[in-house]
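Each chain, letter by letter, is given below.
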Amino acid sequence: MKIKKILLVEDNPSDIGLTRRALEKSHVANDLVVVEDGQEALDYLFGASQPAGLQVTELPALILLDLKLPKVDGLEVLRRIRSDPNLYRLPVVVLTTSTEEQDIVQSYHLGANSYIRKPVDFTQFVEAIQHLGLYWLLLNEPAPRVTQGS
Amino acid sequence: MDHYDKKGRRDLTVYLLVFFLSAVALIVVGVLSYRNFETEFRKQAEHQISSFADLKVSELEVWRKERMVDAEFFFHNQAFSGLVELFLEDPDDAEVRAQLFTWLEHYQTFDQYDQVSLLDVNGGELFSVGPPMSVKDPGIADDVDDCLRFKDIQFGDFRRALDGKIYLNISVPIFRGQVNGNPLGVLVLRVDPKKYLYPYIQTTILDSSSAETLLVRQDGEDVLFLNELRFISNASLNLRIPLTDLEHPAVQAVLGKVGFVEGLDYRGEEVLADLRPVPNSPWYLISKMDVAEIHAPLRIRLRQTVTLFGLAIFSSGALLITFWRQQRIRFYRSQAESALALHESEERYRWVISNIPVVTFATDEKGIFTLSEGKGLDKLGLRPGQIVGESIFDLYRDSPGIMDAMRSALAGQEARDEVTIKDVHFDVFYTPLFDQNGKVVRVIGLANDVTSHKISEDNIRQLNLELEHRVRERTAQFEAANKELEAFSYSVSHDLRAPLRGINGWSQALLEDYQDKLDEQGVQYIQRVLSETRRMGNLIDGMLNLSRLTRTEMVKKDVNLSVIAESIVERLKRDISSREVEFMIEPGLMARGDPNLLEVVLANLLENAFKFTSKKARSRIEFGRTEIQGSPTFYVKDNGAGFDSAYAQKLFGAFQRMHKNSEFPGTGIGLATVQRIIHRHGGAVWAEAKVEEGATFYFTLE
């Protein structure tokens, strides 16, 4: 059984570090793939480029998506994922600083599975990531993959 | 003015009729009175004449009788016949002659005979007393024959003798002894009528210039006038009138007519005559008077009557005319007065119509103007009445509004239209007028100059447009500002929170990973950093919430504030179950507003109260409603720490705090949020407090 990968789309290095740390502290053992802008995320997901340690056919088990991203923003990335027949079942958790109502509404409208606001307090952040990993990677049974090869 | 003349004519007709009737009445009365007078007068005249005639006739009769008495004295008088015998025996016997003379003279003198003669049976004069019978009377022989033959007295008639004089002879036969004796002679008593009879006949007792008495008899086919006449001389026995001339009263008298007749006398004058025969004689007495004379007073009377009644008619006419004229004057005066009054009232209305700043007009059923008045005409450059006679459909054919309104008015519909003529705006009403059959006979119009109104309306519209424009501009600006604020908030939420989270996260990492390398103070410092970042995070969150409140859309509903308060209180009690707090919430407090926002308000106020009573042994928090200055006012009252009322105004500013954070932690955002929400509801919020005696927060909604 392969270790499921988590794709983190986040441009802020501090947040990347803290997220990685939080995941580690939460004992979520999955591989964390980080892309730093929306375009990279799309490239990765649609196989246009291959970041290190990633096979084209291997899709992440979970996408942690920030909204405010360079080039292509998070909502656009989400829209693209949800409109692609291969990708639209991927669980996407919006992980952002914003509590703007319109961001929340838009995210759910575009098919986000969860919307989590990054708390300022790191302790709380860790707790949130813990819950997140526990739920999406362990508790949640993902939809069977029709197109998956051997 | 027609009916005035008609009335005048009618009056005049009445007056003329009255005048005519009264004149006829007066004339009838005049004529009747004149007739009456005439009859009376005539009667009087006739009476005079007839009494006069009576007198004459009776006197004539008496005269004849006296003559007869005289004659009869000698007739069958044996003494006289004896004397005559003696005389005849001896005509020269002086004694006999003296005796005879005495007898005869006595009669001749006293009875006024002209001559008394004794004739022989052949008519020869034997003896005479008086003037001698110097002139022979050829008729005397016949008299002698007649009286001797008839042996009776012969009363002769007037007869002209050869001397040209007229005599009347009474012949008395004288017989010897008795009647049947031999005739001795004839005694002739000769009367000279000029001496007594004619004057007597002519004598009139009437005071008259024409009264005359005639004595006539028939003589063959003529009427013979016997006496001398008043107006022509030498008429007696000369004047004759044929019996065929019936217009002569004398003729009628002779033909047997008795009484009064009118006719022509011998002069051809019209006369009134009394006819009567003289008894025992062939004579007829005609007493006559000229009609002219009789009528003279009548004419005077007629003149008087005519004058009198003429005057009466004239005066009545004059009176009527005067009366009529007065009537007319009164009538015309009243007419004039009412006309004046009418004129004045018309003037008044005309003045009003002419001076109000509108156009009053009227048209007939074809749209031809019959009236155009009013000050409003000035603005059109029209004189009052100038367009009268012209068709509205010609004059304003270029104004479809007028055409349409006029057509519907002529069709019986009231119409209203606004029209602009020569830069003047008119609000025009068209009102149709109907006859009894419901047919439109004219249209009355009122055009009100609404130019200034229109201008101000336009101005207002312009201002409104500008205002709207400005509002739109402002709204756009406001929306832009809102967008900016949104963007700003977004940035703040992302950009400020991210580094803060970094500081917090890495500080936490430092503390976790390098705790062994930090002394106790170092750990404390890092913990201070952590708490400050948490606090700043709260501040940022509070600020974002506050800004979000001003942006979220409000949905107003009927809200039960009591229920909301109860749920908040339940939560507070659950969260901090250690405290003893007495909550008093008035049930059923209804308000209108956004339920979510009002919940925020109540949560803030109740949480505050809860927080600031935390140091009290017995906390009491009250939510209720009261009335302040007529408005329902909600309040949240506590018995907590309170504050100095001097700072009450600062209380509602963002980040304003009354207490030290160490005493009562807080962000200073809560009351600012409350105020924002209350203001958004159009209400007010204020506080009353005393230090350590608690605080009361009041708020109203709209």
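Parameters at a glance
Residues numbered from 1 in each chain as written. Chains lettered and ligands numbered in written order. Predicted model: local features only at pLDDT ≥ 70, side-chain atom pairs only at ≥ 80, totals over all residues. Heavy atoms only, no water. Helix = DSSP H or I, 4+ residues; strand = E, 2+ residues; numbered from the N terminus. Buried < 20%, exposed > 50% of the residue type's maximum accessible area, 1.4 Å probe, protein only. Contact = heavy atoms within 4.5 Å. Areas by Shrake-Rupley, 256 points an atom, 1.4 Å probe, with all protein chains shown as cover. Patch = residues over 30% accessible without salt bridge, like charges linked within 9 Å, V, L, I, M, F, W, Y side chains within 5 Å. Salt bridge = Lys/Arg side-chain N within 4 Å of Asp/Glu carboxyl O. 1 Å grid on protein atoms, 1.4 Å probe; cavity = no way out; pocket = protein on both sides within 12 Å on 5 of 7 lines; lining within 4 Å. Points joined across faces, edges and corners; volume = space filled by probe spheres on them. Nonpolar A, V, L, I, M, F, W, Y, C, P; charged D, E, K, R; others polar. Axes fitted to C-alpha atoms, helices over the stretch in contact; angles between N-to-C directions. Parallel < 35°, antiparallel > 145°, perpendicular 65-115°, else oblique. Left-handed = near helix turned anticlockwise from the far one by under 90°. Core = buried A, V, L, I, M, F, W, Y, C linked by side-chain atoms within 4.5 Å. Expected span 1.5 Å × (residues − 1). Polar contact = N/O pair within 3.5 Å; in protein donor to acceptor, adjacent residues only side chain to side chain. Buried area = accessible area lost by both parts, 1.4 Å probe. Pairing = 2+ DSSP bridges. Phe/Tyr/Trp six-rings, centres within 6.5 Å; stacked < 30°, edge-to-face > 60°. Lys NZ or Arg CZ within 6 Å of the ring centre and 35° of its normal.

Novice: Could you give an account of the overall build of chain A, naming the residues involved and the relevant values?
Specialist: In terms of helices and strands, chain A carries five helices and five strands. Beginning at the N terminus, the succession of helices and strands in chain A can be written as β-α-β-α-β-α-β-α-β-α. By the burial criterion, 52% of the 150 residues in chain A qualify as buried. In chain A, once contacts between residues fewer than 6 apart in sequence are set aside, the share between residues at least 24 apart is 67%. Summing over all exposed atoms, chain A offers an accessible surface of approximately 7500 Å²; the carbon and sulfur share of this is 52%.

Novice: Go over the overall build of chain B, please, and point to the residues and values.
Specialist: For chain B, the helix and strand inventory stands at 15 helices and 23 strands. Within chain B, buried positions represent 42% of all 702 residues. Look at the contacts in chain B between residues 6 or more apart in sequence, and 56% of them connect residues 24 or more apart. For chain B, the accessible surface area stands at approximately 38500 Å², while carbon and sulfur atoms represent 54% of it.

Novice: Please provide a residue-by-residue account of a nonpolar patch on the surface, values included.
Specialist: Together, B:Leu17, B:Phe20, B:Leu21, B:Val24, B:Val28 and B:Leu32 make up a nonpolar patch on the protein surface, roughly 570 Å² of accessible area in all. Turning to its location among the elements, B:Val28 is positioned in helix α1 (residues 2–74).

Novice: So what's going on with empty space enclosed by the protein? Which residues, and what values?
Specialist: Residues and elements named next belong to chain B. Per the counting criterion, the structure on display carries five cavities of 30 Å³ or more. Its volume calculated, the largest cavity comes out at about 160 Å³. Elements with a minimum of two residues in the lining of the largest cavity: β12 (358–364), α8 (376–380), β14 (415–421) and β15 (424–434). Tallying contributions element by element places β15 first for the lining of the largest cavity, with three residues. Its residues assigned to classes, the lining of the largest cavity shows 16 nonpolar, no polar and no charged.

Novice: Explain the packing of helix α13 (residues 561–575) of chain B against helix α14 (residues 595–612) of chain B to me, using residue names and the numbers behind them.
Specialist: Residue and element names in this part refer to chain B. Closest axis-to-axis distance for the α13/α14 pair is 9 Å, and the angle between their directions is 45 degrees. When the interaxial angle is binned, α13 and α14 end up oblique. Considering how the two elements wind past one another, α13 and α14 form a crossing that is right-handed. For the pair α13 and α14, contact is made by Leu-561, Ile-564, Ala-565, Ile-568, Val-569, Arg-571 and Leu-572 and by Pro-595, Leu-598, Glu-599, Leu-602, Ala-603, Leu-606, Glu-607 and Phe-610, respectively. Taken together, the residues that form the contact of α13 with α14 break down as twelve nonpolar, no polar and three charged.

Novice: I'd like a description of the nonpolar core, backed by residues and values.
Specialist: One broad trend across soluble globular proteins is that nonpolar side chains are buried collectively. Residues and elements named next belong to chain B. Counting residues in hydrophobic clusters, the biggest one holds 43 residues, and the most contacted among them are Phe-158, Leu-187 and Trp-283. For this core, the element with the most residues is strand β4 (residues 166–175), which contributes six residues. In contact with Phe-158, not counting residues within four places along its chain, are Ile-166, Tyr-167, Leu-168, Pro-193, Leu-197, Tyr-198, Leu-215, Arg-217, Leu-226, Leu-237 and Trp-283. Counting residues in each nonpolar core, the second largest holds 41 residues, with Leu-561, Ala-591, Leu-671 and Ile-678 among its members.

Novice: Can you lay out the pattern of salt bridges for me, pointing to particular residues and giving the numbers?
Specialist: A complete count under the given rule lists 39 salt bridges over all chains for this structure. The residue A:Asp37 makes a salt bridge to A:Lys71 at a minimum N-O spacing of 3.6 Å. Here A:Asp37 is found in the loop between β2 (31–35) and α2 (38–46), whereas its partner A:Lys71 is found in the loop between β3 (62–65) and α3 (74–82), with 34 residues between them in sequence. Taking the shortest distance from any N to any O, the salt bridge between B:Arg267 and B:Asp265 comes out at 2.8 Å. Classification of B:Arg267 by relative accessible area gives partly exposed; the value is 30%. Relative accessible area serves as the criterion here: at 2%, B:Asp265 is assigned to the buried category.

Novice: Mind laying out α14(B), listing which residues take part and the relevant values?
Specialist: Residues and elements named next belong to chain B. Given a rise of 1.5 Å per residue, 18 residues ought to cover 26 Å, and the 25 Å separating the end C-alpha atoms of α14 matches this to within 8%. Leu-597, Leu-598, Val-601, Leu-602, Ala-603, Asn-604, Leu-605, Leu-606, Asn-608, Ala-609, Phe-610 and Phe-612 are the residues of α14 that are buried. Sitting at the amino-terminal end of α14 is Asp-594, which places a side-chain oxygen 3.0 Å from the backbone nitrogen of Asn-596.

Novice: Outline the interface of chain A and chain B, supporting the account with residue identities and numerical values.
Specialist: Contact residues are listed per partner, giving 23 residues for chain A and 25 residues for chain B. With both chains or domains summed, chain A and chain B bury close to 2100 Å², and 47% of this area falls on carbon and sulfur atoms. It is A:Arg21, A:Glu100 and A:Val120 in chain A that bury the most area against chain B; as a group they hold 30% of the surface buried on that side. Applying the counting rule to chain A against chain B returns six salt bridges. Notably, a salt bridge pairs B:Arg534 with A:Asp121, separated by 3.3 Å at the nearest N-O pair. In this structure, the connection of chain A to chain B is made through ten residue pairs in polar contact (both at pLDDT 80 or more). Elements represented by at least two residues in the side of chain A that touches chain B include exactly α1 (13–25), α4 (101–109) and α5 (122–139) of chain A. Of the residues contributing to the side of chain A that touches chain B, the split by class is five nonpolar, nine polar and nine charged.

Novice: Pulling in residues and values, what's your account of the sheet that holds strand β5 (residues 183–191) of chain B?
Specialist: Residues and elements named next belong to chain B. Strand order in the open sheet made by the five strands is β2-β1-β5-β4-β3, with antiparallel pairing throughout. Looking at the sheet topology across the chains shown, the edges are occupied by β2 (125–129) and β3 (154–160). Sheet twist, expressed as the average angle between the axes of neighbouring strands with direction ignored, equals 25 degrees. Pairing of β3 with β4 involves five bridges; the strand directions are antiparallel. Its bridge partner lying in β4, Arg-159 is registered against Tyr-167. Each of β1 (115–119), β2, β4 and β5 touches helix α2 (residues 78–89); the most contacted strand, β5, lies at about 110 degrees to it.

Novice: Provide a residue-level description of the pairing of strand β10 (residues 270–277) of chain B, including the pertinent values.
Specialist: Residue and element names in this part refer to chain B. In terms of burial, β10 is largely enclosed, as six of its eight residues are buried. Judged from the six bridges that link them, strand β9 (residues 259–264) and β10 form a sheet pairing that is antiparallel. Paired with Phe-260 across the two strands is Asp-274, which belongs to β10. Remark: five residues form the turn of the hairpin made by β9 and β10, two consecutive strands paired antiparallel; Gly-268 in that turn has positive phi of roughly 90 degrees. Sheet analysis places β10 next to strand β11 (residues 284–290), joined by seven bridges and oriented antiparallel. Paired with Leu-272 across the two strands is Met-289, which belongs to β11. Here β10 folds back onto β11 in antiparallel fashion, the turn holding six residues, of which Asn-280 has a positive phi close to 60 degrees.

Novice: Before we move on, can you summarise the packing of aromatic side chains with the specific residues and values?
Specialist: All names here are of chain B. Within the structure shown, the criterion is met by 22 aromatic pairs over all chains. Measuring from centroid to centroid gives 5.0 Å for Phe-158 and Trp-283, while their planes differ by 15 degrees, and the two rings are stacked. With Phe-158 in strand β3 and Trp-283 in the loop between β10 and β11, this residue pair connects regions lying 125 residues apart in the sequence. Each member of the pair, Phe-158 together with Trp-283, is buried. Relative to Tyr-266, the ring of Phe-225 has its centre 6.1 Å away and its plane inclined at 80 degrees; by these criteria the two rings are edge-to-face. With Phe-225 in strand β7 (residues 222–225) and Tyr-266 in the loop between β9 and β10, this residue pair connects regions lying 41 residues apart in the sequence. Given a relative accessible area of 1%, Phe-225 falls into the buried group. Across from the ring centre of Phe-155, 4.1 Å away, lies the NZ or CZ of Arg-64, which sits over that ring.

Novice: Describe the sheet that holds β9(B), naming the residues involved and giving the relevant values.
Specialist: Residue and element names in this part refer to chain B. Read from one edge to the other, the open sheet built from six strands follows the order β8-β7-β6-β11-β10-β9, with strand pairing classed as antiparallel. Edge positions in the sheet fall to β8 (240–242) and β9, since each of these pairs with one other strand and no more. With strand direction ignored, the average angle separating the axes of adjacent strands in the sheet is 35 degrees. In the packing of helix α7 (residues 291–355) onto the sheet, the strands contacted are β9, β10 and β11, and the crossing angle to β11 comes to about 40 degrees.

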